[in-house]
2 protein chains.
Amino acid sequence: MKSGPIDPLVCPISYTVSIVRGKWQWVILWLLYTEKVQRYGELKKRLPTISHKMLSQQLSSLEQEELIHREEYPQIPPKVEYSLTEKGKTMIPVLEIMAEWGRRYSSQA
Amino acid sequence: MKSGPIDPLVCPISYTVSIVRGKWQWVILWLLYTEKVQRYGELKKRLPTISHKMLSQQLSSLEQEELIHREEYPQIPPKVEYSLTEKGKTMIPVLEIMAEWGRRYSSQA
DNA sequence: CTGGATCCAGCCAGATACTG
DNA sequence: CAGTATCTGGCTGGATCCAG
């Protein structure tokens, strides 16, 4: 899952899935899209089955891809807010259509 | 990556990514969409970096989800053709928009 | 040609403990 | 609260061999 895209000309999708890796990153993007801004703990609460470490890693990865923005407030106790970047917002049409598919076909499973 | 979706109401995307798992399955769906019908060997040739085992597994998984159809011709040497099912074709809008994102942003990377 | 079965190294995710 | 560090068991994917 970590090697680069195949051949963007043959398969432009391979680039997309090399930027957003795995199910968690899609889910996190969706939450930041629908909730606008979320603190670390809020995300964790909405994802009961994700481990602490996983969430950190995926957030960090998304931040490196510049899809999400991390705003840290230097205070005690710490407070960190995550939100979509402008680049991240370009993913919204993708998120929407994936969600639409999910809504439509999860019911007739 | 294998546990079920979170909560479809909170996150309908989680269902979608629980059906299509990992980068390879997206790539394979894309190839079957653009090429209509592909033999096992053709897919393998188009995916130089996928291993034999991986390709088999992913195809099998997609078949179980009823997203692709496996047509076996009982002859020597064997011939097997893969194509999208009707359910698989419902994924086309998703594939298209993911591909569009890839085309647009892979160039300015 | 299209797979399945097996072996095995390497990665990965979970648990736990620690920090600012 | 929001992470990071470490350890470890288990899973995964690659390579190889076998079969119809």
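Residues numbered from 1 in each chain as written. Chains lettered and ligands numbered in written order. Predicted model: local features only at pLDDT ≥ 70, side-chain atom pairs only at ≥ 80, totals over all residues. Heavy atoms only, no water.

- The name given to chain A in an unreviewed UniProt entry is HTH hxlR-type domain-containing protein, with Lucifera butyrica as the source organism.

### Topic: the protein's contact with DNA strand C
Step number 1: Around DNA strand C, a shell composed of 17 residues is seen, among which Lys53 and Pro78 of chain A together with His52, Arg70 and Tyr82 of chain B lie nearest.
Step number 2: Atoms of DNA strand C within 4 Å of the protein belong to the sugar or the phosphate in 54% of instances, the rest to bases.
Step number 3: Taking Gly41 of chain B, its main chain carries an N or O atom lying 2.9 Å from a phosphate oxygen of DNA strand C.
Step number 4: Interatomic distance of 2.5 Å between a side-chain N/O atom of Tyr82 of chain B and a phosphate oxygen of DNA strand C.
Step number 5: Residue assignment for the surface near DNA strand C shows that the elements contributing at least two residues are α4 (52-64) of chain A together with α3 (40-46), α4 (52-64) and β3 (79-84) of chain B. (Near = heavy atom within 4 Å. Polar contact = N/O pair within 3.5 Å; in protein donor to acceptor, adjacent residues only side chain to side chain. Helix = DSSP H or I, 4+ residues; strand = E, 2+ residues; numbered from the N terminus.)

### A short note on the interface of chain A and chain B
Accessible area lost upon the coming together of the parts is a frequently used measure of interface size.
Step number 1: Each partner contributes to the interface: chain A provides 41 residues, whereas chain B provides 41 residues.
Step number 2: Across the chain A/chain B interface, buried area totals approximately 3,600 Å², and carbon plus sulfur atoms make up 79% of it.
Step number 3: Where chain A packs against chain B, one counts zero salt bridges.
Step number 4: Counting across the chain A and chain B interface gives eight residue pairs in polar contact (both at pLDDT 80 or more). (Contact = heavy atoms within 4.5 Å. Buried area = accessible area lost by both parts, 1.4 Å probe. Salt bridge = Lys/Arg side-chain N within 4 Å of Asp/Glu carboxyl O.)

### Here we look at the pairing of β3 of chain B
Residues and elements named next belong to chain B.
Step number 1: Extensive coverage of β3 is indicated by the burial of five of its six residues.
Step number 2: Pairing of strand β1 (residues 37-39) with β3 involves three bridges; the strand directions are antiparallel. Along β3, the bridge assignment pairs Gln38 with Tyr82.
Step number 3: In sequence, strand β2 (residues 68-73) turns back onto β3 through a hairpin of five residues. (Buried < 20%, exposed > 50% of the residue type's maximum accessible area, 1.4 Å probe, protein only. Pairing = 2+ DSSP bridges.)

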